[in-house]
Amino acid sequence: MSGRARLLGAALAAVLVGGGGFVLDGWLGPRDFAPAAAEDDLSGAWFCPHGGGDGWRAWIVLANPTGADAEIVVTTYSEGAPPAETRTSLLPGTESFVEVPAVRMASGSVVEFFGAAASAGMVVARPEGGEAAEPCSPRAGKRWFLAEGTSERGQQAWLVVLNPYAVDATFEVILTGKEPVAQAGALRGILLPARQAAAVDLNRFALGKKALAATVLASAGKVVVAGMGLGESGIRSVLGAAAPARFWFLPGAADDGPSALGILAPDQDIPLGARVQGPEAQADAGLGDATVSAGLADSFEVLALQSGLAVTTKGTGVFVAARRLSLSTAADQAAIGGAPRGARGWIASPALGPDGGQSFLVLQNVGPQATSARVSLLTADGRAEPPELAAVTVEPGRTRVVDLTGTSGGRPVTAVVETDGGTLVVAQASISSAGYAIAMGVRQDQVWAI
């Protein structure tokens, strides 16, 4: 064979192998998202490791902020049960609740959208009291970090791990606290079959820890992870962080007691600084010379009533932060994983179930200048543009809490927030008959992605 023929043969083989890889990737499940315009004919997925239990109820909150119709498929995977599928349509500017099975802690849902970019959040409630809410994740990954956990008396810590793909995954869980936690053999090499969910009871391996952090590493496949906390009178949930960062912004609203600030230092010592960003002023959080040693986690009590927290390292390392809040009147706790940076646009799903209650939109200005935000609300009946929300100003380093209850009539609503150029971190909090909850918003650039 001539040299030219051999080159042509090699090139053809490379094309066939590459093309085969693309085809195989399509067979194996949803691909990683890539940026796309909001009005394009597109598709994508959200991953929702919501958990559950005996008598629990769970909902996926869908919202369509675009001007095109969206077709939605919600598939729920629970350990030991066949998949449950729901199909629905979502008109432009509307919101919808889809109730999904949640009788086991090992439960998670995959939301696929077609035709228009939709957002997705998750809400769970248990019969003995307590409600929790979080956004779904736009991605699966090989590493996840959770810093909020505790296994003190009366508290139970769980991990909910979802494998949304058509190939098996294998993962391990590394636990740490103020001191190292012995690595149990049962937490290594955990096989998670394709399109299934698993639940890991952390109390079995690290009981009585005030601060309990987890790192989940997938050696094969990709997964999505959330932490679930169960107390004597409530529940809370936090979506895992995909990567550590030098800054974390943790919104808060409606709480009436100290917050527990959880910090995980994965790789190196982290000397901490934190500020309370309240409605009227910004102040030091009083951490002093606090440092979390490499490979360990710690929990700090911070008084930041109805305020956001801005946490940073005084060095060059990266870390993961989360916040646990309490509300005595609801006898429930809530938790939030925060965001490593602000953005100009957010979509914040409601933090309560379809029966409604009090809703609060939390706007934390993490930028250096005053920011004006325009807020529109997506409801079951369509988009609303309340005039009082057309220009909501937030001063730099401050948090503004907007009570949406009167505007929404007590119904859950999805808030679309767009600024005049400044950057915010946005969340929704709620108080209802089921309890107290807070959920991070998702950046609009995540929603406009496939």
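Residues numbered from 1 in each chain as written. Predicted model: local features only at pLDDT ≥ 70, side-chain atom pairs only at ≥ 80, totals over all residues. Heavy atoms only, no water.

**A word on the pairing of strand S23 (residues 308-313)**
Of all 6 residues making up S23, 5 are buried, and the element is well covered by its neighbours. By the bridge criterion, 4 bridges tie strand S17 (residues 247-250) to S23 in an arrangement that is antiparallel. For Phe247, the partnering residue across the bridge sits in S23 and is Thr312. Of the strand pairs in this sheet, strand S19 (residues 270-277) and S23 are connected by 6 bridges, and their pairing is antiparallel. Among the inter-strand pairings, Ala274 is bridged to a residue of S23, identified as Val311. (Buried < 20%, exposed > 50% of the residue type's maximum accessible area, 1.4 Å probe, protein only. Helix = DSSP H or I, 4+ residues; strand = E, 2+ residues; numbered from the N terminus. Pairing = 2+ DSSP bridges.)

**Details of the environment of Ala415**
Secondary-structure assignment places Ala415 in strand S32 (residues 414-419). Discounting residues that sit within four places of it in the chain, Ala415 has contacts with Trp346, Ile347, Ala348, Leu361, Val375, Ser376, Leu377 and Gln428. (Contact = heavy atoms within 4.5 Å.)

**A closer look at the pairing of strand S28 (residues 371-379)**
Within a regular beta strand, the side chains point alternately toward one face of the sheet and then the other, so they alternate between its two faces. In terms of burial, S28 is largely enclosed, as 7 of its 9 residues are buried. In this structure, S28 lies alongside strand S30 (residues 392-394), joined through 3 bridges in antiparallel fashion. Looking across to S30, one finds that Ala373 is bridged to Val392. In this sheet, S32 lies alongside S28 in antiparallel orientation, the contact comprising 4 bridges. Of the residues in S32, the one forming a bridge with Ala373 is Thr419.

**Structural notes on the confidence of the model for the protein chain**
Reading predicted coordinates in detail is not appropriate for stretches of low pLDDT. Per-residue confidence for the protein chain gives a mean pLDDT of 91; residues scoring 70 or more make up 90%. Every residue in residues 1-40 scores below 50 in pLDDT, and together they form 39 contacts with partners more than four places removed in sequence or on other chains. (pLDDT = per-residue confidence, 0-100.)

**Some remarks on the sheet that holds strand S6 (residues 107-114)**
The strand order across the open sheet formed by 4 strands is S1-S6-S3-S4, and the pairing between neighbours is antiparallel. The sheet terminates laterally at strand S1 (43-48) and strand S4 (84-90), the two strands that pair on one side only. Ignoring strand direction, the axes of neighbouring strands in this sheet form an average angle of 15°. Bridging between S1 and S6 involves 6 bridges; their strand directions are antiparallel. Counted as the bridge partner of Gly44 is Phe113 from S6. (Axes fitted to C-alpha atoms, helices over the stretch in contact; angles between N-to-C directions.)

**A short note on the pattern of salt bridges**
This structure, assessed with the given rule, holds 9 salt bridges. Here Glu418 ties to Arg374 by a salt bridge, and the two come within 2.6 Å at their closest N and O atoms. Residue Glu418 is located in strand S32, and its partner Arg374 is located in strand S28; the two are separated by 44 residues in the primary sequence. Where salt bridges share partners, they join Glu148, Arg236 and Arg324 into one cluster. (Salt bridge = Lys/Arg side-chain N within 4 Å of Asp/Glu carboxyl O.)

**A closer look at the side chain of Thr379**
Following the sequence through the fold, Thr379 ends up in strand S28. Overall, the relative accessible area of 8% leaves Thr379 in the buried class. A polar contact is formed between the side chain of Thr379 and the backbone nitrogen of Asp381, at a distance of 3.1 Å. Reaching out from Thr379, the side chain makes a polar contact with the backbone oxygen of Gly382 at a distance of 2.8 Å. Not counting the four nearest positions on each side in its chain, Thr379 is found in contact with Gly93, Thr94, Glu95, Arg411 and Val413. (Polar contact = N/O pair within 3.5 Å; in protein donor to acceptor, adjacent residues only side chain to side chain.)

**A few points about the sheet that holds strand S5 (residues 95-100)**
The strand order across the open sheet formed by 4 strands is S5-S2-S7-S8, and the pairing between neighbours is antiparallel. The open sheet has two free edges, formed respectively by S5 and strand S8 (131-135), since each of these has just one partner strand. Strand after strand, the sheet turns through a mean of 20° between neighbouring axes, direction not considered. Of the pairings in the sheet, the one linking strand S2 (residues 57-63) to S5 comprises 6 bridges and is antiparallel in character. Within the sheet, the bridge partner assigned to Ile60 lies in S5 and is Val98.

**Describing unusual backbone geometry**
Although it is not a glycine, Ala254 sits at a positive phi angle of roughly 75°. When you line up the elements, Ala254 lands in the loop between S17 and strand S18 (259-264). For Ala254, a relative accessible area of 15% puts it in the buried group. We note that Gln306 has phi near 50°; this positive angle belongs to a residue other than glycine. As for its placement among the helices and strands, Gln306 is situated in the loop between strand S22 (297-302) and S23.

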